[in-house]
Amino acid sequence: MEYLVFGAGVSGLGACELLAKQNNKVYLYDKDKKKLHDLKRAKLVADSVVLCTKSFKNCVHSTMCIVLSPGVLLTPKIDKIIKKYNLTTLGELELGAKNCQGTLIVITGTNGKTTTTTLTDFVLNYAQKHSFCVGNVGISICSVALKTKPQNYIVCEASSFQLEHSKTMHPHIVAFLNFAPDHLDRYKTLDDYLSAKSHVFDNLDNNDYVVLNYDDDVVRACAHKTNARVIYFSVNHILDSFEYSAWVFEQVLHVKLGDKIHRISTIGTKLSGMHNVANMLVASVIALLCGVDENLISEAFVKYTLPSHRCEFVGEFGGVRYIDDSKATNIHATTNALANIKTPIVLMLGGSDKGEDFDVFFAHIPNNVKAIVTFGQMGKKLYKLANKYNVNNVHYVRDFKLALDEAKSQSLAGDTVLLSPACASFDAFDSYAERGDYFKYLVCGGDVE
């Protein structure tokens, strides 16, 4: 069979690798032609993969299926060609899931996906359950699919971009962490964004489980969208009246599965803040469903460390703490970060536009934010909006390095300089990780004393 893969990023390359190993004819297209040439020179794609360095129309005549990477938007032009040649479409996540053996676990939500996914994977592997961590964490599910076995677990972080192309994927466990405005540069409305995420429920039955955030009205209402057994979790309520539920009380996680209540201590963990308590609740529920002993879950939590760029402590210089929260690419994530820092904060805010409304954010800035430095494509807009709401001590510096210099000048011993941009990184960086790495380089490389 012949496939045309759209997008030459991590997901697209994973799809090419999988399809080529199955002896399919594979074409790879990306609108960035330089990227294709670089891939060829670096030999990062199999020799059998044909690179479409001109129009993808040249590759569709014999193609039966187009595999869509998460970043690919189906424009009217592309959709017209798909209909003209009667092509089928398949998301990269769905392609990988079709070829995986074992138990598929999908974790989605606006924020906390990566932490919860890596934490769940860590707990399962700590308990020797042989888990693969894939998806939006940066590892294509297609790249590991052929390595999986029936006894394995595949823990997948799934973004709305991945789920919107999913038609037949059938996970055994789904967790929906929270829902807040995001990606409004791609979706026309919040309902469109929610609809994309909700595809994760499409094929579940009463042998499956859905873990839903009881504290989030939108997520809680998703219970009616699924035939699976619903397990609510909450950091604000004791949910012992439900047959399946999870809550926290006095630093102990309680997970009720039928007649049994499991108790898991959080003492000694490095995960601070109620948002991370929620992440641990979800990881605990999933681990228990997979047969992990509650004592092993607690031990794993103590040993787990957060991934990079998620409220990551970079260092202390001149009594000023520097924290890299570059992963905070929306308002909801930045609000969580601010809520968990009690010292005076110099906030670095900015990047590329995702269509979010910052009015409520600036109207409710915490009192311990002593200064804000805005930067990047959104910098001037954020600066003006902050002034509209009479936020004190706001500075606009478009260049990222100079913005950090300004943040340093606004800080004193005992303060925290927090990079929590609430915006995407694509105005100046290829990813939030690149932005965070540059921040850490500047902080630790001598430019910040």
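The structure under discussion appears in the preceding block.
Residues numbered from 1 in each chain as written. Predicted model: local features only at pLDDT ≥ 70, side-chain atom pairs only at ≥ 80, totals over all residues. Heavy atoms only, no water.

Caption draft 1: Inspection of a positive patch on the surface at higher detail. There is a patch of like positive charges on the surface, built from Lys57, Lys77, Lys80 and Lys84. Turning to its location among the elements, Lys57 is positioned in the loop between strand S3 (50-52) and strand S4 (65-68). (Patch = residues over 30% accessible without salt bridge, like charges linked within 9 Å, V, L, I, M, F, W, Y side chains within 5 Å. Areas by Shrake-Rupley, 256 points an atom, 1.4 Å probe, with all protein chains shown as cover. Salt bridge = Lys/Arg side-chain N within 4 Å of Asp/Glu carboxyl O. Lys, Arg positive; Asp, Glu negative; His and termini not counted. Charge placed at Lys NZ, Arg CZ, Asp CG, Glu CD. Helix = DSSP H or I, 4+ residues; strand = E, 2+ residues; numbered from the N terminus.)

Caption draft 2: Quick look at helix H8 (residues 190-198). What H8 keeps buried is the set Tyr193, Leu194, Ala196, Lys197 and Ser198. Where H8 is buried, its residues meet strand S6 (103-108), helix H5 (113-126), helix H7 (160-163), strand S9 (173-176) and helix H9 (217-220). (Buried < 20%, exposed > 50% of the residue type's maximum accessible area, 1.4 Å probe, protein only. Contact = heavy atoms within 4.5 Å.)

Caption draft 3: Fine view of the packing of helix H15 (residues 400-409) against helix H16 (residues 432-444). Contact pair H15 / H16: the axes reach a minimum separation of 11 Å and the direction vectors enclose 50°. Relative to H16, the element H15 is oriented oblique. With respect to the hand of their crossing, H15 and H16 are arranged in right-handed fashion. Contacts from Phe400, Lys401 and Leu404 of H15 reach H16 at Arg435, Tyr438, Phe439, Leu442 and Val443. Of the residues contributing to the contact of H15 with H16, the split by class is six nonpolar, no polar and two charged. (Axes fitted to C-alpha atoms, helices over the stretch in contact; angles between N-to-C directions. Parallel < 35°, antiparallel > 145°, perpendicular 65-115°, else oblique. Left-handed = near helix turned anticlockwise from the far one by under 90°. Nonpolar A, V, L, I, M, F, W, Y, C, P; charged D, E, K, R; others polar.)

Caption draft 4: Quick peek at the packing of helix H10 (residues 274-289) against helix H11 (residues 294-303). Contact geometry for H10 and H11: axes closest at 10 Å, N-to-C directions at 140°. Relative to H11, H10 is oriented oblique. The way H10 lies across H11 gives a crossing that is right-handed. Residue-level contacts link Met280, Ala283, Ser284, Ala287 and Leu288 of H10 to Glu294, Ile297 and Phe301 of H11. Of the residues belonging to the contact of H10 with H11, the class tally is six nonpolar, one polar and one charged.

Caption draft 5: Representation of the environment of Ile139 within the structure. By the element assignment, Ile139 lies in the loop between strand S7 (131-135) and helix H6 (141-144). Ile139 sits 18 residues away from Glu157 along the chain, and the two C-alpha atoms are 9.7 Å apart. Excluding residues that lie within four positions of it along the chain, Ile139 makes contacts with Cys133, Val134 and Val144.

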